Amino acid sequence: IMSSSFFIKTKEKAKVAKKGNNAGDSGGKSKVQAKKPNSKYNEEISSDSEPESPVVSKKRQSGEEHEYDETPQEKKLRLAKLYLEQLKEEEEKKAEEDSFETDLIAGRLQEEVLEQKGKLQRLIAKDLIPPDTSEIRLLRGHKLPVTCVVISSDDKCIFSAAKDCSIIKWDVASGKKLHTIPGGRKGTEDRHVGHTAHILCMAISSDGKYLATGDMNKLIMIWEAETCKHLYKFTGHKGPVSGLSFRKGTHDLYSASHDRSVKVWNVDENAYVETLFGHQDAITGLDSLSRERCVTAGGRDGTVRVWKITEESQLVFHGHQGSIDCIQLINEEHMISGADDGSVSLWSVNKKKPLSTVKKAHGCHGDTELEQPHWVASVAALQNSDTVASGSHNSQVQLWKCGQNYRGLEPLFIVFRSGFVNSLKFSSSGQFLVAGVGQEHRLGRWWRLKEAKNGIYVIPLKRKSPINLSPIWLI
């Protein structure tokens, strides 16, 4: 009985509570308000699908702590917008980079086309100033006069050769010898790896892979430029080899000789290709660029010739009064030459006569009535620019500025180095000029300057302002 009465009482309490709730609906406000805090806490931990509490709504209306009140749908929308904006920015940036790269490639292609046409000229000469004597370095290692020099396309190494039959590879930065290929004595050709006669000329391929050297014994030697390892020996010329040049961008080699011929070789295949004839006297110099053609100086036949290899034809030019001893291409359309009459000439491949000639370019020597001009022994050109140089047996290196359209030569300054300036080469960057100097002319011993030093001079090309390599097109 006790137990049952207990349960009955419990049920009654439940009923009373229910009635109290009904009463609260009609007028028991205090009881309902007392339960609201519990409702509030339940709302704050409720699931996302439940309605917002009045407090949260008021906060949203007032705009306070907006980031903490963002709904998941709003957050997803906001992040999606940010992601789309980020994608848009990345695409725009990529488009700008692609456009810049396209313009850069187009610019390079345009420059290459203009270079091929001989329409590219960099105006550098106006900013050049004479270097201080203390800044000119002398590299000594050859026992006899230096006859020829070349510079690697990256401007890091210089190769020189001399009448002592040796070849030396130099480091430009330090001035130290990297490798020496010693010369051999006459009669040791069968057992000596290298030259046993005066080396007259040399050339290096544009990729720096091969070095070619030619000597008085009619031989052409091919070396691995990196290691100075001997690779091949080319024979076929019937006179001293006086000129060598690799066609730019290839391993095709052009050679010239006192036998009055030009020969074409394929170094990759270790093969002879063909022989070209036309000069009436010993060829004294040769040069080439990227076209399948080369230019030569014909010595005492008084001609400069342009050889079109594929067409098997030649163009003949006349101008100097003496023996034309050296020649160099400035670009595909223009060249500079020097002669023993003391003159320097600028040429166009489209004109049979020089565009400009400077007579007595290095002055004269001897008595007033018997004075003779100092002959020009070497010339060099900074490719696709308005800057050229000439060297003479009077110890002068003369730098020149080419006039507009190469119709004129204006002297810039002279660098004095005692000796015969037998060879000149500009670095690809235009930062320095290398001169191969000796006590004698590279081809003979009829005159000796005892006070001169046999060596290589590295002449810095100083500028008033930083070098400007922006091209100027020729019209």
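- Within an unreviewed UniProt entry, the label attached to the chain reads U3 small nucleolar RNA-interacting protein 2, and the organism entered is Anabas testudineus.
- Under the Sequence similarities (unreviewed entry) heading, UniProt states for the chain: "Belongs to the WD repeat RRP9 family."
- UniProt lists a comment for the chain under the heading Subcellular location (unreviewed entry), and it reads "Nucleus, Nucleolus".

## Some thoughts on the side chain of D325
Move 1: Relative to the helices and strands, D325 is located in strand β20 (residues 324–329).
Move 2: Overall, the relative accessible area of 9% leaves D325 in the buried class.
Move 3: Side-chain polar atoms of D325 contact the side chain of S323, separated by 2.8 Å.

## A short note on the packing of aromatic side chains
Describing an aromatic ring pair means giving the distance of the ring centres and the angle of the ring planes.
Move 1: Taken as a whole and judged by the stated rule, the model has five aromatic pairs.
Move 2: On the basis of an interplanar angle of 75° and a centroid distance of 6.1 Å, the ring pair of F317 and W347 is categorised as edge-to-face. Of the two residues, F317 is situated in strand β19 (residues 313–318) and W347 in strand β22 (residues 344–348); the sequence distance between them amounts to 30 residues. Neither residue differs from the other here; F317 and W347 are each classed as buried.
Move 3: Considering the side-chain rings of W375 and F420, the 6.4 Å spacing of their centres and the 40° angle between planes classify their relative orientation as tilted.

## Let's talk about the side chain of H237
Move 1: Summarising the element assignment, H237 is placed in the loop between β11 (229–234) and β12 (241–246).
Move 2: A relative accessible area of 5% places H237 in the buried class.
Move 3: A distance of 3.1 Å separates a polar atom in the side chain of H237 from a polar atom in the side chain of D259.
Move 4: Separated by 3.4 Å, the side chains of H237 and S261 make a polar contact.
Move 5: Every residue in contact with H237, bar those within four places of it in the chain, is listed here: K218, I220, S255, A256, S257, D259, S261 and K263.

## Considerations on the sheet that holds strand β10 (residues 220–224)
Move 1: Pairing is antiparallel in the open sheet, where four strands are placed in the order β8-β9-β10-β11. Among the strands making up the open sheet, the edge pair consists of β8 (199–204) and β11. Going from strand to strand, the sheet's axes swing by 25° on average, the running direction of each strand aside.
Move 2: Pairing analysis gives five bridges linking strand β9 (residues 210–215) to β10, with the strands arranged antiparallel.

## Things to note about the pattern of salt bridges
Move 1: Counted by the stated rule, this structure contains 10 salt bridges.
Move 2: When the shortest N-O distance is used, the salt bridge between K163 and E440 registers 3.0 Å. With K163 in the loop between β5 (157–162) and β6 (167–171) and E440 in the loop between β31 (432–438) and β32 (455–460), this pair connects stretches of sequence that are 277 residues apart. Across the pair, exposure class does not vary: K163 and E440 are buried alike.
Move 3: D340 serves as the salt-bridge partner of R300, at 2.9 Å between the closest nitrogen and oxygen. Highlighted residues: R300 in the loop between β17 (293–297) and β18 (303–308) and D340 in the loop between β21 (334–339) and β22, separated in sequence by 40 residues.
Move 4: On the accessibility criterion, D340 (23% relative accessible area) is partly exposed.
Move 5: One salt-bridge network, in which partners are shared between bridges, spans D132, E135 and K462.

## Thoughts on the nonpolar core
Move 1: Within the largest apolar cluster, 19 residues are counted, with the highest numbers of intra-cluster contacts made by V397, L399, L424, F426, L433, A435 and I459.
Move 2: Counting residues per element, the ones that place at least two in this core are β28 (396–402), β29 (409–416), β30 (420–426), β31 and β32.
Move 3: Other than its neighbours up to four places away in sequence, A435 contacts V397, V421, S423, L424, G455, I456 and Y457.

## A look at the environment of L443
Move 1: With respect to the helices and strands, L443 occurs in the loop between β31 and β32.
Move 2: By relative accessible area, L443 is classed as partly exposed at 31%.
Move 3: Placed 159 residues apart in sequence, L443 and T284 show a C-alpha to C-alpha distance of 9.6 Å.
Move 4: In contact with L443, other than residues within four places in its own chain, are L200 and H258.

## Points about a nonpolar patch on the surface
Move 1: Taken together, the side chains of Y83, L84 and L87 present a nonpolar region at the surface, about 310 Å² in accessible area.
Move 2: Mapped onto the elements of the fold, L84 is located in helix α4 (residues 72–116).
Move 3: Taking relative accessible area as the criterion, L84 reaches 54% and is therefore assigned exposed.

Rules behind the numbers
- Residues numbered from 1 in each chain as written.
- Predicted model: local features only at pLDDT ≥ 70, side-chain atom pairs only at ≥ 80, totals over all residues.
- Heavy atoms only, no water.
- UniProt positions renumbered as here; feature names shortened; annotations may be inferred.
- Helix = DSSP H or I, 4+ residues; strand = E, 2+ residues; numbered from the N terminus.
- Buried < 20%, exposed > 50% of the residue type's maximum accessible area, 1.4 Å probe, protein only.
- Polar contact = N/O pair within 3.5 Å; in protein donor to acceptor, adjacent residues only side chain to side chain.
- Phe/Tyr/Trp six-rings, centres within 6.5 Å; stacked < 30°, edge-to-face > 60°.
- Contact = heavy atoms within 4.5 Å.
- Pairing = 2+ DSSP bridges.
- Axes fitted to C-alpha atoms, helices over the stretch in contact; angles between N-to-C directions.
- Salt bridge = Lys/Arg side-chain N within 4 Å of Asp/Glu carboxyl O.
- Core = buried A, V, L, I, M, F, W, Y, C linked by side-chain atoms within 4.5 Å.
- Patch = residues over 30% accessible without salt bridge, like charges linked within 9 Å, V, L, I, M, F, W, Y side chains within 5 Å.
- Areas by Shrake-Rupley, 256 points an atom, 1.4 Å probe, with all protein chains shown as cover.

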